[in-house]
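Architecture at a glance
Take a look at the letters that make up each chain.
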Amino acid sequence: MKLNNIEDFIREIQMATLEHQSDKAAFIEQFRIKFLGKKGIISDLFEQFKTVPNEEKKEMGQALNRLKTAAQAKIEEFKASIEQLQQQSQTDDLTLPTDYSPVGSRHVLSVVMNEIIDIFSRIGFTVAESVEIEDDWHLFSALNFPPDHPARDMQDTFFVEKEEGRQEVALRTHTSSVQVRVMENNKPPIRIIAPGRVFRNEAISARAHCIFHQVEALYVDKKVTFADLKQTLLYFAKEMFGEQTQIRLRPSYFPFTEPSAEMDISCNICGGKGCNICKGTGWLEILGCGMVDPNVLEACGIDSKEYSGFALGMGVERMAMLKYQIRDLRLYFENDLRFLRQFDALV
Ligand code: DAH
């Protein structure tokens, strides 16, 4: 028996609250059994007390008595507050405070994902969803990935165990696979947005996780140009991060777009002056984009001489990080209510 344990129990008792309990009477009974029941913690500790060396008996005994008194006092306190609530509910005074019933709220990632969907749906994009376990064709080949691209490597991608005579499949590494599925099954004009979960074989840290979320957008029609892409990006950036937001495009490379670009927005924390969030540059990297490579259109059965398109893809975790200054990716998945409750007010 350790003094520390007794102090921990006392603290636990003092912090116990009825606030979030839907069945308060049952909670009190459980609490009583746990601490004061015949086989409860306190009677167990008194049993162990018999073997405590004489020189420790005094201090230990006092701590035990404090523990017992704390448990008894807490139960009295609980009972009194239940009685008070019952009296309140028997009167007709509707202005009295009611019993507290906790209300759930959306996860911050769902909030941000819904916001992105909402912004694109206002300009005619509809949501497309698809499978999370994908084959090589939809993940890589149709998207113009060369055969030796590192994404096809076990180190970067979770492959699902191959069954005899079956095609190799993997957890999707990006939502670009949804582009392929939509283009294969629909004729242009196509204007879709694909939100969803993606998986990568990464070590988990503050900046990387093996599971995260992306939103992909695809627009294919006659005469779609880079100007359409740029205007869509500017609209999105302003709606998402505020009217004052500016964008810039940097040339980049993706197998499935040509030309490709990465979009930065002016830093929404310092307004572009330079701070530690934007590492002094005044710009924040937001998403990848480009004109759909004609090879991709052809692979999906769309005539690249008649049609052109643009695509873009972004990480939802990153959007939420920048919008709400969240510093550690792991927080999204730990289900710590102290973190999640900070976003209660968002719809
Ligand atoms: N699929 C890319 C990734 O996972 C993101 C991306 C970049 C999507 C450019 C696009 C795009 O549609 O045009 O990193």
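Residues numbered from 1 in each chain as written. Predicted model: local features only at pLDDT ≥ 70, side-chain atom pairs only at ≥ 80, totals over all residues. Heavy atoms only, no water.

We now examine the sheet that holds strand β2 (residues 133-135). Taken together, the three strands give an open sheet; going across it, the order is β2-β4-β3, and neighbouring strands pair in antiparallel fashion. Since the sheet does not close on itself, it has two edges, and those belong to β2 and β3 (159-160), each with one partner. (Pairing = 2+ DSSP bridges. Helix = DSSP H or I, 4+ residues; strand = E, 2+ residues; numbered from the N terminus.)

Now for the nonpolar core. Counting residues in hydrophobic clusters, the biggest one holds 47 residues, and the most contacted among them are Ile116 and Leu312. Of all the elements, helix α5 (residues 108-121) adds the most residues to this core, at eight residues. Ignoring sequence-local partners within four residues, the contact set of leucine 312 consists of Phe120, Val215, Glu216, Ala217, Leu229, Leu233, Leu287, Gly288 and Cys289. Counting residues in each nonpolar core, the second largest holds 25 residues, with Leu143, Ile192, Phe256 and Ala311 among its members. (Core = buried A, V, L, I, M, F, W, Y, C linked by side-chain atoms within 4.5 Å. Buried < 20%, exposed > 50% of the residue type's maximum accessible area, 1.4 Å probe, protein only. Contact = heavy atoms within 4.5 Å.)

Taking a probe equal in size to a water molecule and rolling it over the atoms shows the remaining empty space. In this structure, the second largest pocket encloses a volume near 210 Å³. As for the second largest pocket, its lining consists of 13 residues, and the residues nearest its centre are Leu18, Glu19, Lys24, Ser81 and Leu85. The greatest single-element share of the lining of the second largest pocket, amounting to five residues, is contributed by helix α4 (residues 54-90). (1 Å grid on protein atoms, 1.4 Å probe; cavity = no way out; pocket = protein on both sides within 12 Å on 5 of 7 lines; lining within 4 Å. Points joined across faces, edges and corners; volume = space filled by probe spheres on them.)

Our focus in this paragraph is the environment of alanine 320. Position of alanine 320 relative to the elements: it lies in helix α10 (residues 316-324). Note on alanine 320: relative accessible area 0%, which makes it buried. Separated by 207 residues in sequence, alanine 320 and methionine 113 place their C-alpha atoms 8.8 Å apart. When neighbours within four sequence positions are excluded, alanine 320 is seen to be in contact with Leu109, Val112, Gln325, Ile326 and Tyr332.

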